[in-house]
Amino acid sequence: MTFLFKSEARRGEVWRTRLQREFPNLEFRVWPDVGDPLKVKYVACWTPPADLGKKFPNLELVFSVGAGVDQIDLSALPSGVKLLRMTEAGLAAGMSEYGTLAVLAAHRNLPAYLDLQRTRAWKQLPAVTAKDRSVGVMGLGVLGAGLLESLRPFGFRLHGWSRSSKVIEGVSTFAGPDELAPFLSRIDILVCLLPLTDETRGILNSKTFDALSNGACVINVGRGAHLVEKDLLDALASNKLRCAILDVANTEPLPADHPFWTHPKVILTPHVASVTDAEGGAEFVVANLRRHFANEALTGVVDMSRGY
Ligand code: NDP
Ligand code: OXD
């Protein structure tokens, strides 16, 4: 049987070594060198090859090399094939680092100070203490909950919103569409760590921004399509929002003429908030293949009806 890898070559070499050590009878192949398609039972990819089900009729598992699975057309996966999203610990550690960096940058006015530096202006802006700032995280999964834990020592007022109710120490939690407005009404710094689904597409829009505190900041580390870019530009222009820190964009790479590149209130990074660690990712796959061979429950299985 074959494990087919379709992703970054450097990560592939780490996975090949680890999987061959663990499962000597498993053939490791790198796309497009698929060998006998009938032998392909496992595929690891960011985006799968087209016609996956037809190409590999004996497919059993698809591993997403990332935490998100919105890049995969779930309706095109043959029924009976399980999709697993990446939940190795390095991803959460990276997101906690980036999320903390971004929240502190928003809290301490970094976008405005960077702009003042560009104009050689030595100007002190009013300071607000952490206990007087409300930070809200949309999405309380592996990454959102991890970020909230990292933010706890700073003393912010912490809030979280998810689909189902959660209890998280030190965090006021809200759930479902009915509690979105009460959640947003307390927030000075909003972080989006939702998966992209039909329900969350465009959720960072003018209605959401209007519900936040005046002069709030928005941090998007989810997906570009969570954000209605025009609404963000309008909210920044009207000073409803003070700043935005964006790691993701609707079109990646961001087109050269996009207004975000030079916007004085925007800090932009190129989808680097967290990246799957090669070794951690290999361990995740090995552990799940072991469970699969032993007929045990797998971790990170995507619920096709929810889309994440
Ligand atoms: P999880 O599946 O663990 O968590 C998702 C969270 O979002 C859950 O709390 C879920 O609620 C909540 N949620 C989903 N749909 C809704 C909804 N309609 N309304 C309210 N809450 C909802 O995902 P992760 O934490 O692992 O990852 C989150 C996302 O982060 C990824 O999907 C990806 O898009 C993004 N990401 C970005 C990276 C970057 O570098 N910028 C890197 C890695 C991931 P519930 O708990 O009730 O199910
Ligand atoms: C992911 C990402 O989903 O890198 O893992 O965006």
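One can find the structure itself at the top, above this paragraph.
The structure contained in this document is the topic of the report that follows.

The rules we used
Residues numbered from 1 in each chain as written. Chains lettered and ligands numbered in written order. Predicted model: local features only at pLDDT ≥ 70, side-chain atom pairs only at ≥ 80, totals over all residues. Heavy atoms only, no water. Pairing = 2+ DSSP bridges. Helix = DSSP H or I, 4+ residues; strand = E, 2+ residues; numbered from the N terminus. Contact = heavy atoms within 4.5 Å. Patch = residues over 30% accessible without salt bridge, like charges linked within 9 Å, V, L, I, M, F, W, Y side chains within 5 Å. Areas by Shrake-Rupley, 256 points an atom, 1.4 Å probe, with all protein chains shown as cover. Salt bridge = Lys/Arg side-chain N within 4 Å of Asp/Glu carboxyl O. Expected span 1.5 Å × (residues − 1). Buried < 20%, exposed > 50% of the residue type's maximum accessible area, 1.4 Å probe, protein only. Phe/Tyr/Trp six-rings, centres within 6.5 Å; stacked < 30°, edge-to-face > 60°. Lys NZ or Arg CZ within 6 Å of the ring centre and 35° of its normal. Near = heavy atom within 4 Å. Polar contact = N/O pair within 3.5 Å; in protein donor to acceptor, adjacent residues only side chain to side chain. Nonpolar A, V, L, I, M, F, W, Y, C, P; charged D, E, K, R; others polar. Domains from an automatic or database assignment. Axes fitted to C-alpha atoms, helices over the stretch in contact; angles between N-to-C directions. Core = buried A, V, L, I, M, F, W, Y, C linked by side-chain atoms within 4.5 Å.

Once that is clear, we can look at the pairing of strand β2 (residues 27-30). By the bridge criterion, 4 bridges tie strand β1 (residues 2-6) to β2 in an arrangement that is parallel. Counterpart to F3 in the pairing with β2 is F28.

Let us now look at the side chain of T100. Residue placement: T100 occurs in helix α3 (residues 89-107). The contact partners of T100, leaving out residues within four places of it in the chain, are M95, L147, S150, L151 and F154.

Nonpolar side chains collect at one region of the surface, where L110, Y113 and L114 lie side by side and expose about 220 Å² of accessible area between them. Counting through the fold element by element, L114 comes out in helix α4 (residues 110-118).

Moving on, we get to helix α9 (residues 278-293). At 3.6 residues per turn, the α-helix brings residues three or four places apart onto the same side. Taking 1.5 Å as the rise per residue, α9 with 16 residues should run 22 Å; its terminal C-alpha atoms sit 23 Å apart, in good agreement. Those residues of α9 not exposed but buried are A278, G280, G281, A282, F284, V285, V286, N288 and L289. The first or second residue beyond α9 is N295, which carries a positive phi of 60 degrees.

Taken as a whole, this structure holds 10 aromatic pairs when the rule is applied. Aromatic pair F23 and F293: ring centres 5.3 Å apart, planes at 85 degrees, arrangement edge-to-face. Here F293 lies in helix α9 and F23 lies in the loop between α1 (9-22) and β2, a separation of 270 residues in the sequence. On the accessibility criterion, F23 (12% relative accessible area) is buried. Sitting over the ring of Y308, R306 keeps its end group 4.1 Å from the ring centre.

Another point: the site of ligand 1. Not every one of the 29 residues close to ligand 1 is listed here, only the nearest: R85, L140, S164, K166 and Y308. For ligand 1, an oxygen atom lies 2.9 Å from a polar atom in the backbone of L143. In the environment of ligand 1, a nitrogen atom lies 2.9 Å from a nitrogen or oxygen atom belonging to the side chain of D247. Calculation on ligand 1 without its partners gives an accessible area of 940 Å², and the protein chains cover 93% of this total. Those elements that place two or more of their residues in the shell around ligand 1 are α5 (142-151) and β7 (157-162). Residues belonging to the shell around ligand 1 are distributed by class as follows: 13 nonpolar, 9 polar and 7 charged. Two domains each provide a minimum of three residues to the shell around ligand 1, namely domain 1 (2-88 + 276-293) and domain 2 (90-268).

Read across the sheet, 7 strands follow the order β8-β7-β6-β9-β10-β11-β12 without closing on themselves; strand pairing throughout is parallel. Two strands close off the open sheet at either side, each with one partner strand: β8 (171-175) and β12 (266-268). Pairwise comparison of adjacent strand axes, ignoring direction, gives a mean angle of 15 degrees for this sheet. Pairing geometry for β7 and β8, over 5 bridges, is parallel. Each residue of the ladder has a partner; that of W161, found in β8, is F174. Seen against the sheet, α5 touches β6 (134-138), β7, β8 and β9 (189-192) and runs at an angle of roughly 160 degrees to β6.

Counting 50 residues, the largest nonpolar core has F3, W15, F63 and L289 as its most contacted members. Of all the elements, α3 adds the most residues to this core, at 8 residues. Taken domain by domain, this core gets at least three of its residues from each of domain 1 (2-88 + 276-293) and domain 2 (90-268). When near neighbours in sequence (up to four residues on either side) are disregarded, L289 contacts F3, L19, F23, L26, Y42, L61 and F63. Grouped together as the second largest cluster of nonpolar side chains are 27 residues, C192, I203, L212 and L246 included.

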